[in-house]
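# Remarks on the overall topology
The lines below spell out each chain.
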Amino acid sequence: MSKSLIQRISPFLIARIKQNHQLLRSSFSSSSSALHEASSESPSLDAVNMTDNCVKRMKELQASEKSSEDKMLRLSVETGGCSGFQYVFDLDDKTNPDDRVFVREGVTLVVDDISYDFVKGATVDYVEELIRSAFVVTTNPSAVGGCSCKSSFMVKQ
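The sections below set out a description of the structure shown in this document. Here, residues in each chain are numbered from 1, in the same order as that chain's written sequence. Only residues with pLDDT of at least 70 are given local features in this predicted model, and only at 80 or more are side-chain atom pairs given and counted; all residues enter the totals for whole chains, interfaces and linings. Note: side-chain values were computed over all heavy atoms of the structure, leaving out hydrogens and water.

### Things to note about the pattern of salt bridges
The working definition used for a salt bridge is a side-chain nitrogen of Lys or Arg within 4 Å of a carboxyl oxygen of Asp or Glu. Taken as a whole, this structure holds eight salt bridges when the rule is applied. One salt bridge in this structure joins Asp99 and Arg74, with 2.8 Å as the shortest N-O distance. A residue pair is termed long-range when its members are at least 10 positions apart, and Asp99 in strand β5 (residues 99-104) and Arg74 in strand β3 (residues 72-79) qualify at 25 residues. Arg74 gets classed as buried once you look at its relative accessible area, which sits at 10%. Of the charged contacts in the structure, one is a salt bridge between Arg100 and Asp113, with a shortest N-O distance of 3.0 Å. Each helix corresponds to a stretch of at least 4 residues labelled H or I by DSSP, and each strand to a stretch of at least 2 residues labelled E; elements are numbered beginning at the N terminus. Buried, partly exposed and exposed residues are distinguished by accessible area as a fraction of the type maximum, computed with a 1.4 Å probe on protein chains only: under 20%, between the cut-offs, and over 50%, respectively.

Here it is, written out as structure tokens:
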């Protein structure tokens, strides 16, 4: 009797997940400082940058609801997606001790220390398309490829 498709591909999926977790763990142990602030007045090659559209959309979100006034854009990286890692965007109202904080024109972008190793030097944009409107990472020096929807990527080894 032949194995089902799930039984045949599960060893490959498990191996890929373990590899991604090892990459995350190794980059976490090699990361250093806990809190880093950068603004548009002092750009850095390692900063996570925001485009004008990103800043404009965050200001619109903050103005639309009183409860959103203190919201920050949180960018994190998780294992998964069609290319191995995926970007996750959330609105958050607090920072954690291991966060890196980037500010431009009063808009705050927060990246946890593990995710920072995968997105340093990246640019976050807000795009409006026919099928969706979303925050996306448009350029990422740490990525070698990704899917066409720009929500997942592969890292340089």
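### Remarks on the environment of Glu105
Position of Glu105 relative to the elements: it lies in the loop between β5 and β6 (107-112). Residue classification places Glu105 among the partly exposed positions, given a relative accessible area of 47%. Excluding its chain neighbours within four sequence positions, the residues that come into contact with Glu105 are Asp52, Val55 and Lys59. Side-chain atoms alone can form a polar contact between residues adjacent in sequence; in general such a contact is a pair of N or O atoms within 3.5 Å, and within protein one must be able to donate a hydrogen while the other accepts it. In this structure the side chain of Glu105 is engaged in a polar contact, spanning 3.4 Å, whose partner is the side chain of Arg104. Contacts: residue pairs with any heavy atoms within 4.5 Å of one another.

### So, the sheet that holds strand β2 (residues 49-50)
Strands qualify as paired when DSSP identifies two bridges or more between them. In spatial order, the strands read β2-β7-β8; together these three strands make up an open sheet with mixed pairing. Two strands lie at the open edges of the sheet, namely β2 and β8 (133-139), each paired on one side alone. Across six bridges, strand β7 (residues 123-128) lies against β8 in antiparallel orientation. Each residue of the ladder has a partner; that of Val127, found in β8, is Ala134.

### Some points on the packing of aromatic side chains
Think of a pair of aromatic rings as described by two things: how far the centres are apart, and how the planes are tilted against each other in angle. Stacked, edge-to-face and tilted labels apply to pairs of Phe, Tyr and Trp rings (six-membered ring for Trp) whose centres lie within 6.5 Å, assigned for plane angles under 30 degrees, over 60, and everything in between, in that order. Overall, the coordinates contain four aromatic pairs when judged by the stated rule. Between the aromatic rings of Phe89 and Phe135, the centroid separation amounts to 6.1 Å while the plane-to-plane angle is 35 degrees, which identifies the pairing as tilted. You can see Phe89 sitting in strand β4 (residues 85-92) and its partner Phe135 sitting in strand β8, a full 46 residues away along the chain. Judged by relative accessible area, which is 13%, Phe135 ranks as buried. Ring centres of Phe102 and Tyr116 lie 6.1 Å apart, and the angle between their planes is 20 degrees; on these two criteria the pair is classed as stacked. On the criterion of sequence distance, the pair formed by Phe102 in strand β5 and Tyr116 in helix α3 (residues 113-119) is long-range, its members being 14 residues apart. With relative accessibility at 4%, the residue Tyr116 sits in the buried group.

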